[in-house]
Amino acid sequence: MLNSANNNFVQHTVTVSTEGNMNGYNRKSPQKRRYDMPKYAVPPKKKAGKERVPQPKNTVAMLNELRHGLIYKLESQTGPVHAPLFTISVEVDGQKYMGQGRSKKVARIEAAATALRSFIQFKDGAVLSPLKPAGNLDFTSDEHLENDANKNTIAVDGQKKVPDKGPVMLLYELFNDVNFECMNIDGAQNNCRFKMTVTINDKKFDGTGPSKKLAKNAAAKAALASLCNISYSPMMAPQKNAPLPIDDKSSSMELPQIHADTIGRLVLEKFMEVIKGQEAYSRRKVLAGIVMTENMNFCEAKVISVSTGTKCVSGEHMSVNGAVLNDSHAEIVSRRCLLKYLYAQLDLQCNQATAYQSIFVRNTDGQYPYKLKSGVHFHLYINTAPCGDARIFSPHENDTGVDKHPNRKARGQLRTKIESGEGTIPVKSSDGIQTWDGVLQGQRLLTMSCSDKIARWNIVGIQGSLLSSIIEPVYLHSIVLGSLLHPEHMYRAVCGRIEKSIQGLPPPYHLNKPRLALVTSAEPRNQAKAPNFGINWTIGDTELEVVNSLTGRTIGGQVSRITKQAFFEKFGFLMKNLPGMPTRKVNKDYGETKADVKDYQTAKQELFSAFKREDLGSWLKKPIEQDQFGLVE
C-alpha cells in the first residue's frame with residue numbers, strides 16, 4: 001500500500017514537471033530532481049501516542065538569572081548508601097528555602113523551585129523541575145548541575161551582567177496575566193515620546209521611549225524591577241578598569257532599580273507641578289532635582305529641589321557683592337536649593353517648639369554643634385550625565401562595553417564650562433588664573449564643569465563652607481541619571497580618578513562613593529537650542545523662580561534667593577540665634593569667613609592636590625574680588 005501510494009506521488013510529481021515544458025525537458029538537473037523527490041515522496045512518520053511536551057525550565061538556572069551570587073548548602077544526607085536522601089538549602093533575600101531529593105541535583109532543583117514560587121507567580125502549567133533520566137548518575141557529584149545552571153550565564157568577575165532574555169520576553173515567561181497598552185503619545189513631531197503601561201496582577205507600570213518598542217521595554221523593566229528585583233542597569237556589570245568598592249552593605253555601587261525609578265519619577269512629577277501656570281518656562285535641556293529619604297523609605301520620599309538650566313553668567317555681569325548666580329547648570333542650582341533647605345532646617349533649631357521638626361540634631365559628642373539625623377539621605381537626579389568628564393566619552397561607547405583606552409590622557413581631566421555657551425574644555429587649554437579686570441576686558445569667564453564639582457562634593461560635602469562651621473559634612477547617597485550612564489566614566493568622574501591619591505583628610509571628611517543608577521525610561525536626546533533661562537524651586541517655596549542664566553539675576557532683574565549674598569545673611573542669623581554655638585563671632589567679609597573654616601579648607605586643598613598628583617590639571621578659581629563683600633548691617 002505504501003509503495004503504491006509513493007509511486008502515485010512520484011508519478012504526479014513527474015507529470016507536473018513535464019507539463020511545465022512542451023518538450024518534456026525539465027530545466028532542473030536530473031541530479032537535483034532525484035535529490036528533491038525523495039524529500040517529498042515519503043511523508044514523515046508520526047509516532048503514535050506521543051504529543052509535544054513543553055520544554056521544562058531549569059529552576060536553578062532561572063533562579064541564578066534572577067538573583068546573583070547564591071550559595072547552595074548541603075544541610076543533611078540521610079538514608080542508606082544505595083538510596084540516600086539529600087537536603088539542600090539556598091538563601092534568597094534573607095530567607096532560607098529547602099529542597100530534598102535522591103540526588104544533590106534533585107534536591108538543589110527543589111530548593112530553587114521553592115524559592116522561585118515564593119516571589120513569582122508562574123504561568124499555568126509551567127514545569128519547574130527538569131528531571132531527565134540520567135544513565136550513570138553520581139548521587140554525590142554536583143559537576144553536572146554546575147554546568148547545567150551556568151551554561152547560559154555570562155559573568156564578569158563572577159557576577160552576572162543582566163538577564164540573558166529581553167525584559168518583555170522574560171515578563172511573559174514569568175507572569176500569567178501580562179497586558180500592554182499604549183496610553184498616549186506626547187512631544188513634538190520630531191521628538192515623539194510613546195508611553196506604554198503594562199498591567200500585571202492589577203498593578204500598573206509605565207514606560208516611555210522614542211518608539212513603542214522601547215517604551216514597552218521600559219515598562220517591562222520597571223515591572224521586573226518592582227516585582228522580581230531584576231535589574232537591566234548598566235551598573236550590573238562592574239568593569240575591570242573601574243573596580244567598584246565593596247562595603248558592608250553591598251558589593252556594588254548600584255542603587256536598586258525601583259529606587260532609581262522612584263527618584264526620577266518624583267522629580268519629573270514635581271517639575272510638571274511647579275511649572276503649571278508658567279509653561280513658557282518649561283523649555284529645558286537639563287532637568288535636575290534632589291530627593292530626601294529617611295531610612296530609605298521611598299514611599300515617603302520628599303522632593304527637596306527641582307531646577308533646569310545649562311548656561312553660566314557672562315563676565316560683564318559678575319557681582320562684587322554676591323548678588324548673581326555664576327553657574328546656572330541644573331544640578332548646581334539644585335544643590336544650591338538644597339543649601340537653602342538646610343538653612344531652613346537649622347532655623348527650626350532656633351526655636352525650642354520647632355526643633356523636633358528639623359532634620360538636624362544637637363551633636364553632643366563631636367566637634368560640630370549639629371549633625372543630620374541618622375537615616376537621612378539625599379539623592380541627586382539629573383536627566384543626563386553631568387557635563388565634563390562623566391559625559392564627554394559616554395555617547396561614543398557601548399553602555400556596558402569595556403573602555404578600550406582607560407589610560408588615555410584625556411580621561412579624568414579637569415574641565416571648564418565656557419562663558420555663555422555649552423560644552424567644556426580641559427583646564428590646560430584655559431588661559432590660567434582669572435582676573436577681574438581681564439574678564440571685564442573680554443577674557444572668557446570659566447567655570448569648573450559639573451563632573452568636577454560633583455567630585456568636589458564627594459570630598460568636602462554638599463553643605464558648603466559656611467555651614468561647615470555648624471554641621472558635619474553632608475554627602476550624596478546616590479546619583480540617578482536619565483540618560484548616558486556609562487559605569488566606568490561616571491564612576492571615574494565623580495570619585496574614581498582621585499581615590500588612589502586623596503590623603504590626609506581631616507575626619508569626618510572622607511571620599512564619598514555615591515550609589516549610581518539609570519532610570520528604566522531613558523530621557524531622549526533633545527536637539528532643541530538650550531534656552532537662556534533656568535528655573536529653581538525648593539520645598540517650602542510658594543512659586544518657582546526664573547533666572548536669566550546670562551545675567552545671573554531673575555528675569556525681573558531681582559537678586560535670586562539662592563545667591564551667596566542670600567546665604568551669607570542666613571548664616572549671620574544662625575550664628576546669632578542657634579543654640580549651642582561655641583562662638584557668635586561672624587567675620588564681616590564673606591571670603592574671610594569661608595577661609596576661617598579650617599577643616600573644610602584643608603579638605604578642599606587636599607582635593608586640589610589630589611588632582612595635581614594625578615596630573616589632571618589645576619582647579620580654576622573665580623576672581624577673588626567676587627568674595628570680598630560683607631554682611632548687610
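Because the structure is a prediction, the values reported are computed rather than measured.

Draft legend 1. Representation of the overall build of the protein within the structure. When you go through the protein residue by residue, the secondary structure sums to 17 helices and 21 strands. Within the span of the protein, comprising 633 residues, buried residues form 50% of the whole. In the protein, of all internal contacts separated by at least 6 residues, the share reaching a separation of at least 24 is 65%. For the protein, the computed accessible surface area is about 31,900 Å², with 50% contributed by carbon and sulfur atoms.

Draft legend 2. Fine view of the sheet that holds strand E1 (residues 72–78). Pairing within the open sheet is antiparallel, and its three strands lie in the order E1-E2-E3. The open sheet terminates on both sides in strands that have one partner only, identified here as E1 and strand E3 (95–101). Strand-to-strand twist of the sheet, defined as the mean angle between neighbouring strand axes without regard to direction, takes the value 25°. Of the pairings in the sheet, the one linking strand E2 (residues 85–92) to E3 comprises seven bridges and is antiparallel in character. Its bridge partner being in E3, isoleucine 88 is matched across the sheet by glycine 99. Against the sheet, helix H4 (residues 104–119) makes contact with E1, E2 and E3, and its axis sits at roughly 140° relative to E3, the strand it touches most.

Draft legend 3. Region of the structure containing unusual backbone geometry. With an omega dihedral of 5°, the bond running from proline 507 to proline 508 counts as a cis peptide bond. Checked against the element boundaries, proline 508 lands in the loop between helix H14 (487–494) and strand E18 (515–518). Despite not being glycine, aspartate 93 has its phi angle at roughly 55°, a positive value. Note on placement: aspartate 93 falls in the loop between E2 and E3. Judged by relative accessible area, which is 56%, aspartate 93 ranks as exposed. Positive phi is not limited to glycine here, since asparagine 229 has a value of about 55°. Mapped onto the elements of the fold, asparagine 229 is located in the loop between helix H7 (212–228) and helix H8 (257–274). In this structure asparagine 229 comes out as partly exposed when scored by relative accessible area, which is 45%.

Draft legend 4. Region of interest: helix H17 (residues 598–613). With 16 residues, H17 should cover 22 Å at 1.5 Å per step; its first-to-last C-alpha distance of 22 Å lies within 8% of that length. Considered for burial, the residues of H17 that qualify are Tyr600, Gln601, Ala603, Lys604, Glu606, Leu607, Phe608, Ala610 and Phe611. Contacts from the buried residues of H17 go to helix H12 (450–460), helix H13 (464–467) and helix H16 (590–595). Aspartate 615 sits one or two residues past H17 and shows a positive phi near 60°.

Draft legend 5. Main features of H12. With 11 of its 11 residues buried, H12 lies for the most part within the structure. Among the residues of H12, Cys450, Ser451, Asp452, Lys453, Ile454, Ala455, Arg456, Trp457, Asn458, Ile459 and Val460 are the ones counted as buried.

Draft legend 6. Just the packing of aromatic side chains, in detail. Enumeration according to the criterion identifies eight aromatic pairs in this entry. With centroids separated by 4.7 Å and ring planes inclined at 15°, the aromatic side chains of tyrosine 590 and phenylalanine 629 adopt a geometry described as stacked. With tyrosine 590 in helix H16 and phenylalanine 629 in the segment after H17, this residue pair connects regions lying 39 residues apart in the sequence. Neither tyrosine 590 nor phenylalanine 629 differs from the other in exposure class; each is buried.

Draft legend 7. The sheet that holds strand E21 (residues 553–554), seen in detail. The strand order across the open sheet built from eight strands is E18-E17-E13-E9-E10-E19-E20-E21, with neighbouring strands paired in mixed fashion. The open sheet has two edge strands, E18 and E21, and neither has a second partner. Pairing of strand E13 (residues 376–382) with strand E17 (residues 478–481), which is carried by four bridges, proceeds in the parallel orientation. Note on E17: the bridge partner recorded for leucine 380 is isoleucine 479. Of the strands in this sheet, strand E9 (287–294), strand E10 (302–308), E13, E17, E18 and strand E19 (533–538) touch H8, which is tilted by about 120° from E9.

Draft legend 8. Inspection of the nonpolar core at higher detail. Residues Leu342, Leu346, Phe378, Ile459, Leu467, Ile470 and Ile479 are the most contacted members of the largest nonpolar core, which totals 84 residues. No other element matches the 10 residues that helix H9 (residues 330–348) contributes to this core. When sequence neighbours within four positions are dropped, the list of residues in contact with leucine 342 reads Ile359, Phe360, Phe378, Gln463 and Leu467. Counting 40 residues, the second-largest nonpolar core is a separate cluster that includes Phe86, Phe119, Ile120 and Ile230.

Draft legend 9. Spatial organisation of the packing of H12 against H17. Two elements in contact, H12 and H17, have axes whose closest approach is 9 Å; the angle formed by their N-to-C orientations is 130°. In this view, H12 runs oblique relative to H17, as classed from their interaxial angle. Relative to H17, the crossing made by H12 is right-handed. Residue-level contacts link Ala455, Arg456, Ile459 and Val460 of H12 to Tyr600, Ala603, Lys604, Leu607, Phe608 and Phe611 of H17. Residues of the contact of H12 with H17, tallied by class, amount to eight nonpolar, no polar and two charged.

Draft legend 10. Highlighting the environment of isoleucine 479. On the secondary structure map, isoleucine 479 appears in strand E17. Apart from residues no more than four positions distant in its own chain, isoleucine 479 is found in contact with Leu380, Ile382, Ile454, Met490, Val494, Pro514, Arg515, Leu516 and Ala517.

Draft legend 11. Broad picture of the side chain of serine 483. For serine 483, the location among the structural elements is in the loop between E17 and H14. Looking at serine 483, its side chain comes within polar contact range of the main-chain oxygen of asparagine 383, at 3.0 Å. Ignoring anything within four residues of it in the chain, the contact list for serine 483 reads Asn383, Thr384, Ala385, Leu518 and Glu523.

Draft legend 12. View of the pairing of strand E7 (residues 193–200). Among the eight residues of E7, seven are classified as buried, and the element is accordingly described as predominantly covered. Bridging between E7 and strand E8 (residues 203–209) involves seven bridges; their strand directions are antiparallel. Note that in E8 the partner of methionine 196 across the bridge is glycine 207. Where E7 hands over to E8, the hairpin turn is made up of two residues, of which asparagine 201 adopts a positive phi near 50°.

Draft legend 13. Broad picture of empty space enclosed by the protein. One pass over the full model with this rule turns up two cavities of 30 Å³ or more. In this structure, the largest cavity occupies an estimated 40 Å³ of space. Forming the walls of the largest cavity are Thr308, Leu325, Ser328, Val333, Gly534, Ile535, Asn536, Val547 and Ser549. With three residues, the single largest contributor to the lining of the largest cavity is E19. In this structure, the second largest cavity encloses a volume near 30 Å³.

Cut-offs and rules
- Residues numbered from 1 in each chain as written.
- Predicted model: local features only at pLDDT ≥ 70, side-chain atom pairs only at ≥ 80, totals over all residues.
- Heavy atoms only, no water.
- Helix = DSSP H or I, 4+ residues; strand = E, 2+ residues; numbered from the N terminus.
- Buried < 20%, exposed > 50% of the residue type's maximum accessible area, 1.4 Å probe, protein only.
- Contact = heavy atoms within 4.5 Å.
- Areas by Shrake-Rupley, 256 points an atom, 1.4 Å probe, with all protein chains shown as cover.
- Pairing = 2+ DSSP bridges.
- Axes fitted to C-alpha atoms, helices over the stretch in contact; angles between N-to-C directions.
- Expected span 1.5 Å × (residues − 1).
- Phe/Tyr/Trp six-rings, centres within 6.5 Å; stacked < 30°, edge-to-face > 60°.
- Core = buried A, V, L, I, M, F, W, Y, C linked by side-chain atoms within 4.5 Å.
- Parallel < 35°, antiparallel > 145°, perpendicular 65-115°, else oblique.
- Left-handed = near helix turned anticlockwise from the far one by under 90°.
- Nonpolar A, V, L, I, M, F, W, Y, C, P; charged D, E, K, R; others polar.
- Polar contact = N/O pair within 3.5 Å; in protein donor to acceptor, adjacent residues only side chain to side chain.
- 1 Å grid on protein atoms, 1.4 Å probe; cavity = no way out; pocket = protein on both sides within 12 Å on 5 of 7 lines; lining within 4 Å.
- Points joined across faces, edges and corners; volume = space filled by probe spheres on them.

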